[in-house]
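Take a look at the letters that make up each chain.
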Amino acid sequence: EYLDTFVMMITLRGLTDHTIKSYKTYVSAYLDYVFDLLDKDPADVEWDEMRLFIQHLELTRHLANRTINAVISQLRFFTIYVLHKPWDPTQLPKRKFDRYLPFVPSREEVSAFIEAIDDPKIRTMVILMYSAGLRVGEVCRIKCEDIDRRNMRIHITHGKNRSDRYALLSPAALKELEAYWRKCGRPRNYLFPQRHDPNMPNDPQNLHWHMRKAEDKLGWPHRFTCHSMRHAFATHFYEDTHDLLTLQHLMGHKSITSTTIYITLSNATLRRYSSPFDSLGVHHG
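Since the structure is predicted, the reported quantities are computational estimates derived from the model, not experimental observations.

About the thresholds
- Residues numbered from 1 in each chain as written.
- Predicted model: local features only at pLDDT ≥ 70, side-chain atom pairs only at ≥ 80, totals over all residues.
- Heavy atoms only, no water.
- Helix = DSSP H or I, 4+ residues; strand = E, 2+ residues; numbered from the N terminus.
- Buried < 20%, exposed > 50% of the residue type's maximum accessible area, 1.4 Å probe, protein only.
- Contact = heavy atoms within 4.5 Å.
- Areas by Shrake-Rupley, 256 points an atom, 1.4 Å probe, with all protein chains shown as cover.
- Lys, Arg positive; Asp, Glu negative; His and termini not counted.
- Charge placed at Lys NZ, Arg CZ, Asp CG, Glu CD.
- Patch = residues over 30% accessible without salt bridge, like charges linked within 9 Å, V, L, I, M, F, W, Y side chains within 5 Å.
- Salt bridge = Lys/Arg side-chain N within 4 Å of Asp/Glu carboxyl O.
- Arc of directions from axis to C-beta.
- Expected span 1.5 Å × (residues − 1).
- Polar contact = N/O pair within 3.5 Å; in protein donor to acceptor, adjacent residues only side chain to side chain.
- Axes fitted to C-alpha atoms, helices over the stretch in contact; angles between N-to-C directions.
- Parallel < 35°, antiparallel > 145°, perpendicular 65-115°, else oblique.
- Left-handed = near helix turned anticlockwise from the far one by under 90°.
- Nonpolar A, V, L, I, M, F, W, Y, C, P; charged D, E, K, R; others polar.
- Phe/Tyr/Trp six-rings, centres within 6.5 Å; stacked < 30°, edge-to-face > 60°.
- Lys NZ or Arg CZ within 6 Å of the ring centre and 35° of its normal.

Sorry, what's going on with the overall build of the protein chain here?
Summing up its helical and strand segments, the protein chain has 14 helices and five strands in all. Dimensions of the protein chain, computed from the C-alpha atoms along their principal axes, are close to 70 × 60 × 35 Å. Within the protein chain, the fraction of its 285 residues that count as buried is 39%. Counting contacts in the protein chain only where the partners sit at least 6 residues apart, residues at least 24 apart contribute 57% of the total. When the accessible surface of the protein chain is split by element, carbon and sulfur atoms take 52% of a total near 17300 Å². Computed over 39 positive and 34 negative side-chain charges, the inter-centroid distance for the protein chain is 6 Å.

Looking at this structure, how should I read a nonpolar patch on the surface?
Together, Phe277, Leu280 and Val282 line one region of the surface with nonpolar side chains, adding up to about 330 Å² of accessible area. Relative to the assigned elements, Phe277 resides in the segment after helix H14 (267-271).

Can you help me understand the environment of Phe6 in this one?
As for its position among the elements, Phe6 is in helix H1 (residues 2-12). Classification of Phe6 as buried rests on a relative accessible area of 0%. Along the primary structure Phe6 and Ala64 are separated by 58 residues, whereas in three dimensions their C-alpha atoms are 24 Å apart. Ignoring any residue separated from it by four or fewer positions in sequence, one finds Phe6 in contact with Tyr23, Lys24, Val27, Gln74, Phe77, Phe78 and Val82.

Can you help me understand helix H5 (residues 107-115) in this one?
Since the α-helix packs 3.6 residues into each turn, any two residues three or four apart lie on the same face. Here H5 has its buried residues at Val110, Phe113 and Ile114. In a view along the axis of H5, the buried residues occupy a sector of 95°, so they form one face of it. In H5, the exposed positions angled more than 90 degrees off the buried face are occupied by Glu108 and Glu115. Those residues of H5 that are buried lie in contact with helix H6 (120-132), helix H9 (204-218) and helix H10 (226-241).

In this structure, what is going on with helix H8 (residues 171-183)? I would like to understand it.
Over its 13 residues, H8 runs 19 Å from end to end, which matches the ideal 18 Å to within 8%, given 1.5 Å per residue. Buried residues of H8: Ala173, Leu174, Leu177 and Tyr180, and no others. The buried residues of H8 occupy one face: seen down the axis, they fall within an arc of 125°. Facing away from the buried side of H8 by over 90 degrees, the exposed positions are Pro171, Ala172, Lys175 and Lys183. The inward-facing, buried residues of H8 abut H6, strand S1 (147-148) and strand S4 (193-194). If you check the start of H8, you find a side-chain oxygen 3.2 Å away from the backbone N of Ala172, and it comes from Ser170. One or two residues past the end of H8 sits Gly185, with phi positive at roughly 90°.

Is there a simple way to explain the packing of H1 against helix H2 (residues 17-38) in this structure?
The angle between the axes and the distance between the axes are what describe a pair of packed helices. One way to put it is that H1 packs onto H2 with a least axis distance of 10 Å and a crossing angle of 155°. Compared by their axis directions, H1 and H2 come out roughly antiparallel. Here H1 runs over H2; the crossing is right-handed. The segment H1 lies against H2, with Tyr2, Leu3, Phe6, Val7, Ile10 and Thr11 engaging Ile20, Tyr23, Lys24, Val27, Ser28, Leu31 and Phe35. For the contact of H1 with H2, a count of residues per class yields 10 nonpolar, two polar and one charged.

Could you clarify how one ought to interpret the packing of aromatic side chains in this entry?
Any two aromatic rings considered together are summarised by their centre-to-centre distance and by the angle between their planes. Within this structure, the stated rule accounts for 16 aromatic pairs. The interplanar angle of 20° and the centroid separation of 6.4 Å between the aromatic rings of Phe6 and Tyr23 together place this pair among those described as stacked. Here Phe6, found in helix H1, pairs with Tyr23, found in helix H2; they are 17 residues apart in sequence, far enough to count as distant. Each member of the pair, Phe6 together with Tyr23, is buried. Members of the aromatic cluster, joined through ring pairs, are Tyr2, Phe6, Tyr23, Tyr30, Tyr33, Phe35, Phe53, Phe77, Phe78 and Tyr81. Here Lys143 stacks its cationic end above the ring of Tyr190, 5.1 Å away from the centre of that ring.

If you want it as structure tokens, here you go:
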């Protein structure tokens, strides 16, 4: 009953299926903990017992601090929208977590990686992720009608922030796309449909698996992800243009703060400047 109500409430909020599945996983674990270990009704759980659940998750599932914060957000939603009780953030504070710079492949690595992919569908999807800076979910859900050849752009619908945008359609990527389309059954709905159901988009996990396979073929360590291609597009675009505002729109970032990380990731940024030590004239030891 509690879980059904929870799913209904997050569905009413219009969250994506992926988000609903993620939220449901840990709330389901919380309800199991409350009923089976505490032998209580969720409405009667005290703050210290909720804190014990977080510690229980840490010990049994070894979750990262960022994931723990997501669990706390889900418990907050459950408390407010299902139990209709107030939430006190001082009782269950969120964690601080380390921030790491993402892996950004060089242009040469991107080229070698694409050449290592034999499957024409996967190869074309990876090319679009790099050439247009697309998220894996966005490239999986592209429909044929979203490819605007006249204006050389791709219509991205319902992106991460639930807002449409236009992404670049590279002329070289378009040639690859047309060759794939002719070779792979001329799809009519989703551009990259599932093999056994043309009315369903390709599964992102399938794309992840093929990317891992390409790394193995090259003998490279497992560093590439679908998001690596998006990071590579943004970093290389910034190196070529230094146009953060356009890059923000192409990436679909709500805030330009999210876009400024590519200044840090760009090798060209560091190469343009020198250290003040170089001007001191200190003699070599």
